[in-house]
Amino acid sequence: MPQHGTEMRSDLGIGLDALAPAEMARVLIAGQRAALEAVDVAREAIGRAAARMAETLGAGGRLAYGGAGSSALMAAADALELGGTFGVSPERILILMAGGLPVDARMPGASEDDEAAGRAAAAVLDARDLMIAVSASGRTPYALGLARAARDRGAAVIAIANVPGAPLLALADVPVCLPTPPEIVAGSTRLGAGTAQKAALNAMSTIMGALTGRIHDGFMVGLVADNAK
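Note that this is a predicted model, so its numbers are computed, not measured. (Residues numbered from 1 in each chain as written. Predicted model: local features only at pLDDT ≥ 70, side-chain atom pairs only at ≥ 80, totals over all residues. Heavy atoms only, no water.)

Enquirer: Would you mind going over the packing of helix 2 (residues 43-58) against helix 7 (residues 192-211) with me for this structure?
Expert: Any two packed helices are characterised by the angle at which their axes cross and by the distance between the axes. One can describe the packing of helix 2 onto helix 7 by two numbers: an axis separation of 8 Å at closest approach and a directional angle of 50°. Comparing the axis directions of helix 2 and helix 7 gives the class oblique. Two packed elements cross with a definite hand, and for helix 2 against helix 7 that hand is right-handed. Residues Ile46, Ala49, Ala50, Ala51, Met53, Ala54 and Leu57 of helix 2 touch helix 7, and the partners they reach there are Ala200, Ala203, Met204, Ser205, Ile207, Met208 and Leu211. For the contact of helix 2 with helix 7, a count of residues per class yields 13 nonpolar, one polar and no charged. (Axes fitted to C-alpha atoms, helices over the stretch in contact; angles between N-to-C directions. Helix = DSSP H or I, 4+ residues; strand = E, 2+ residues; numbered from the N terminus. Parallel < 35°, antiparallel > 145°, perpendicular 65-115°, else oblique. Left-handed = near helix turned anticlockwise from the far one by under 90°. Contact = heavy atoms within 4.5 Å. Nonpolar A, V, L, I, M, F, W, Y, C, P; charged D, E, K, R; others polar.)

Structure follows, in structure tokens:
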């Protein structure tokens, strides 16, 4: 099978395990910086994606975040913060993760290969909703199933992937490509790709918050205070 950008080997990883811990940290932090540079080149797409999110909420639709593995965790982390940070009702947010959200330290793996499960999960969407499908490679079957089912249901699709020309991006109304370099630990997309995805998702939802009046002068005016702090 040909290697794609997220699976290729980085020169920075050669000899990594022979370095002193502080030097390993230096190399890994450099990789994180490179990942964030990939987010900057996508800022126009990020802005368009955020505007679609705001439009969806304004029209009474739901935001569905989904994917598999580490990418789904990045999506879920953003989705789970929308209620407390911006006062978005939990009923307006869906999290569609291959194998379901983990309840312990075991991460579902093989479920990412099930496109039919992705299609079934997204069958709850309708034309008012917005699917945000995230996949580092942009070819994860579950994520492709989410996007294809969403399109079939008339829902708009935002796709986030880290490989230019990925199939998932071709299914999107708003494709967001984050062309991160090869991972320092080859194929471990929780590293650079995950950092880029989290930064892009955070930016999208924060812009959405501003566009929907939930942020004013840098304050969270839609904050739901549910603890003493």
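Enquirer: Looking at this structure, I do not really get the pairing of strand 1 (residues 63-67). What am I missing?
Expert: Looking along a regular strand, one sees the side chains alternate between the two faces of the sheet. Judged by how many residues are buried, strand 1 sits mostly within the fold: five of five residues are covered. Residues of strand 1 alternate between two faces, with Leu63, Tyr65 and Gly67 on one and Ala64 and Gly66 on the opposite face, all of them buried. As paired strands, strand 1 and strand 2 (residues 93-97) are joined by five bridges and run parallel to one another. Paired with glycine 66 across the bridge in strand 2 is leucine 96. Handedness of the β-α-β unit built from strand 1, helix 3 (residues 69-86) and strand 2 comes out right-handed. In the sheet, strand 1 pairs with strand 3 (residues 130-135) via five bridges, with the strands oriented parallel. If you follow tyrosine 65 over to strand 3, its bridge partner there is isoleucine 132. (Buried < 20%, exposed > 50% of the residue type's maximum accessible area, 1.4 Å probe, protein only. Pairing = 2+ DSSP bridges. Right-handed = clockwise from strand over helix to strand, strands pointing away.)

Enquirer: I tried to follow the nonpolar core on my own but got confused; where do I start?
Expert: Nonpolar side chains tend to gather and get buried jointly when the protein is soluble and globular. Ranked by internal contacts, the top residues of the largest apolar core, which has 30 residues, are Met53, Tyr65, Ile132, Ile158, Ile160, Val176 and Met204. Elements with a minimum of two residues in this core: helix 2, strand 1, helix 3, strand 3, strand 4 (156-161), strand 5 (174-177) and helix 7. No other element matches the six residues that helix 2 contributes to this core. By size, the runner-up hydrophobic cluster in this structure holds 26 residues, among which are Ala68, Ala122, Ala143 and Ala155. (Core = buried A, V, L, I, M, F, W, Y, C linked by side-chain atoms within 4.5 Å.)

Enquirer: Help me understand the pattern of salt bridges in this model?
Expert: Side chains carrying opposite charge are able to pair once their charged atoms draw close together. Taken as a whole, this structure holds nine salt bridges when the rule is applied. Each of the salt bridges in this network shares a partner with another, and the network as a whole consists of Glu115, Arg119, Arg148 and Asp152. (Salt bridge = Lys/Arg side-chain N within 4 Å of Asp/Glu carboxyl O.)

Enquirer: Would you mind going over helix 1 (residues 21-40) with me for this structure?
Expert: Helical geometry note: an α-helix holds 3.6 residues per turn, so side chains three or four residues apart project in the same direction. For helix 1, which comprises 20 residues, the first-to-last C-alpha distance of 29 Å matches the rise-based estimate of 28 Å (1.5 Å per residue) to within 8%. The secondary structure elements touched by the buried residues of helix 1 are helix 2, strand 5 and helix 7. (Expected span 1.5 Å × (residues − 1).)

Enquirer: Sorry if this is basic, but what is going on with helix 2 here?
Expert: For helix 2, spanning 16 residues, the distance from its first C-alpha to its last is 22 Å, which sits close to the expected 22 Å at 1.5 Å a residue. Lining the buried residues of helix 2 we find helix 1, strand 1, strand 3, strand 4, strand 5 and helix 7. Backbone geometry just after helix 2 places glycine 60 at a positive phi near 85°.

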